[in-house]
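Reading the structure
Here is how the chains run, residue by residue.
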Amino acid sequence: MRALMIVTLLLVAITMALSLAHALELPGKLRLKEATYKSVQAIYYPGTIGGFAEIGGIIALAILLYLTPYPGARFWWTLAALVFLAAEHATYWLVTHPVNNFWVQEVAVSKPAATFFSMLRRKQSGDWKDLRDVWEASHVAKAGLAMLSLISITVAATFFAGSE
């Protein structure tokens, strides 16, 4: 179970790191003019492999939760970590992903990427600054949720000391 805890910590940490990286770009990206911002956005597409850490982290947390004795502090901290990471991932699909469809309109993407971006497609229109603000705010929210997940699973891991 310790090995699973270590893998889980790593997956949650990767998720948090990638989300935090986006959030830390915020001040600089807010200063960009439209053409430059759209050009910079294109570096994120067709996508990164970081999403696999999110899915892997959620799966690992669910398995860890299943294997963790109930009730107990380790169980509740693991549950909190799972809830926070699931909320972080839901934020992507409900807020970030629909705006991604706007940014990829003018980007040549592969067929698998086009299929991915067509999921949950909603017509995005409006001022590019409004869409930018939604996209950037969603990454700040994702970073906060991922950080809470990492803190929670780290606290849960401290309960391994002296056990097993």
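Everything here concerns the structure above.
Residues numbered from 1 in each chain as written. Predicted model: local features only at pLDDT ≥ 70, side-chain atom pairs only at ≥ 80, totals over all residues. Heavy atoms only, no water.

Section: the pattern of salt bridges
Formally: By convention in these notes, a salt bridge is any Lys or Arg side-chain nitrogen within 4 Å of a carboxyl oxygen on Asp or Glu. Segments assigned H or I by DSSP are reported as helices when at least four residues long, segments assigned E as strands when at least two residues long, and all are numbered from the N terminus. Residue exposure (1.4 Å probe, protein chains only): buried if accessible area is under 20% of the type maximum, exposed if over 50%, otherwise partly exposed.
Here the structure, examined in full by the defined rule, presents 5 salt bridges. Here Lys-29 ties to Glu-136 by a salt bridge, and the two come within 3.0 Å at their closest N and O atoms. Here Glu-136 lies in helix H6 (residues 128-158) and Lys-29 lies in helix H1 (residues 2-30), a separation of 107 residues in the sequence. By relative accessible area, which is 5% here, Lys-29 ends up buried. Between Lys-142 and Glu-88 there is a salt bridge, with the nearest N and O atoms lying 2.7 Å from each other. Of the two residues, Lys-142 sits in helix H6 while Glu-88 sits in helix H4 (residues 73-103), which places them 54 residues apart along the sequence. Take Lys-142 and Glu-88: they sit in the same class, and that class is buried. Overlapping salt bridges bring together Glu-54, Glu-88 and Lys-142 as one network.

A look at a nonpolar patch on the surface
Quick reminder of the rule: Each patch is built from residues that are more than 30% exposed by relative accessible area and take part in no salt bridge. Like charges join if they lie within 9 Å; nonpolar side chains (Val, Leu, Ile, Met, Phe, Trp, Tyr) join within 5 Å. Accessible surface area values rest on a Shrake-Rupley calculation with a 1.4 Å probe, where residue burial reflects the displayed protein chains alone.
A surface patch of nonpolar side chains, about 590 Å² in accessible area, is lined by Met-1, Ile-55, Ile-59, Ile-63, Tyr-66 and Leu-67. Note that Leu-67 resides in helix H3 (residues 51-67). Judged by relative accessible area, which is 44%, Leu-67 ranks as partly exposed.

A look at the packing of aromatic side chains
Aromatic ring pairs are described here by two measures, namely the spacing of the ring centres and the angle between the planes. Operational definition: Put simply, two rings from Phe, Tyr or Trp (the six-membered ring, in Trp's case) pair if the centres are within 6.5 Å, and we call them stacked under 30 degrees between planes, edge-to-face over 60, tilted for the rest.
Applying the stated criterion to the full structure yields 5 aromatic pairs. Note on Tyr-37 and Trp-128: the rings are 5.6 Å apart at their centroids and 45 degrees apart in plane angle, and the pair reads as tilted. With Tyr-37 in helix H2 (residues 34-41) and Trp-128 in helix H6, this pair connects stretches of sequence that are 91 residues apart. Look at Trp-128 and you get buried, because its relative accessible area is 9%. Taken together, a centroid distance of 5.2 Å and an interplanar angle of 85 degrees make the contact between Tyr-92 and Trp-93 edge-to-face.

Section: H1
Keep this limit in mind: Each helix should span, by expectation, one fewer than its residue count multiplied by 1.5 Å. Note on bend: the value at a residue is the angle between axes fitted to the seven residues ending there and to the seven starting there. Contacts are assigned to residue pairs that have any heavy atoms within 4.5 Å of one another.
Between its terminal C-alpha atoms H1 stretches 42 Å, which fits the 42 Å expected from 29 residues at 1.5 Å a residue. A bend of about 30 degrees at Leu-24 is the largest found in H1, and the proline Pro-27 appears one to four places after it. If you check which residues of H1 are buried, you get Met-5, Thr-8, Val-12, Thr-15, Met-16, Ser-19, His-22, Ala-23 and Lys-29. Those residues of H1 hidden inside the fold are in contact with H2, H3, H4 and H6.

Quick word on the packing of H3 against H4
Applied cut-off: Axes, fitted as lines to C-alpha atoms, cover a helix only where it is in contact. Angles between the N-to-C directions of the axes lie from 0 to 180 degrees. By the definition adopted for this analysis, an angle is roughly parallel if under 35 degrees, roughly antiparallel if over 145, roughly perpendicular if from 65 to 115, and oblique otherwise. Each crossing is labelled by how the near helix is turned from the far one, with a counterclockwise turn of less than a right angle marking it left-handed and a clockwise turn marking it right-handed. Residue polarity is assigned by list, with Asp, Glu, Lys and Arg as charged and Ala, Val, Leu, Ile, Met, Phe, Trp, Tyr, Cys and Pro as nonpolar; anything else, Gly included, falls into the polar class.
At a closest axis distance of 9 Å, the pairing of H3 and H4 adopts a crossing angle of 155 degrees. By the angle class used here, H3 and H4 are roughly antiparallel. As H3 packs across H4, the resulting crossing turns out to be left-handed. Residues Glu-54, Ile-55, Gly-57, Ile-58, Leu-61, Ala-62, Leu-64 and Leu-65 of H3 form the contact with H4, whose participating residues are Phe-75, Thr-78, Leu-79, Ala-81, Leu-82, Leu-85, Ala-86, Glu-88 and His-89. Class assignment for the residues of the contact of H3 with H4 results in 12 nonpolar, 3 polar and 2 charged.

Brief notes about the side chain of Thr-96
Note the threshold: Throughout this description, a polar contact denotes any pair of N or O atoms lying within 3.5 Å of each other; where both atoms belong to protein, one of them has to be capable of donating a hydrogen while the other can accept it, and for residues adjacent in sequence the pair is counted only when both atoms sit in side chains.
Checked against the element boundaries, Thr-96 lands in helix H4. A polar contact of 2.6 Å, which involves the side chain of Thr-96, links it to the side chain of Ser-138. Setting aside residues no more than four positions away along its own chain, Thr-96 makes contact with Thr-91, Trp-135, Ser-138, His-139 and Lys-142.

As for the nonpolar core
Taken as a class, soluble globular proteins show a tendency for nonpolar side chains to be buried jointly. Test applied: Residues enter a nonpolar core if they are buried and are Ala, Val, Leu, Ile, Met, Phe, Trp, Tyr or Cys, with the set joined through side-chain atoms within 4.5 Å.
Judged by nonpolar contacts, the single largest core of 16 residues is most densely connected at Met-5, Val-12, Leu-61, Leu-150 and Ile-153. Counting only elements with at least two residues in this core, the list comes to H1, H3, H4 and H6. Here this core gets 5 residues from one element, more than from any other, and that element is H6. When sequence neighbours within four positions are dropped, the list of residues in contact with Leu-61 reads Thr-8, Val-12, Thr-78, Ala-81, Leu-82, Leu-85, Ser-149 and Ile-153. If you look at the next biggest cluster of nonpolar residues, it comprises 8 residues, including Val-99, Phe-102, Trp-103 and Leu-131.

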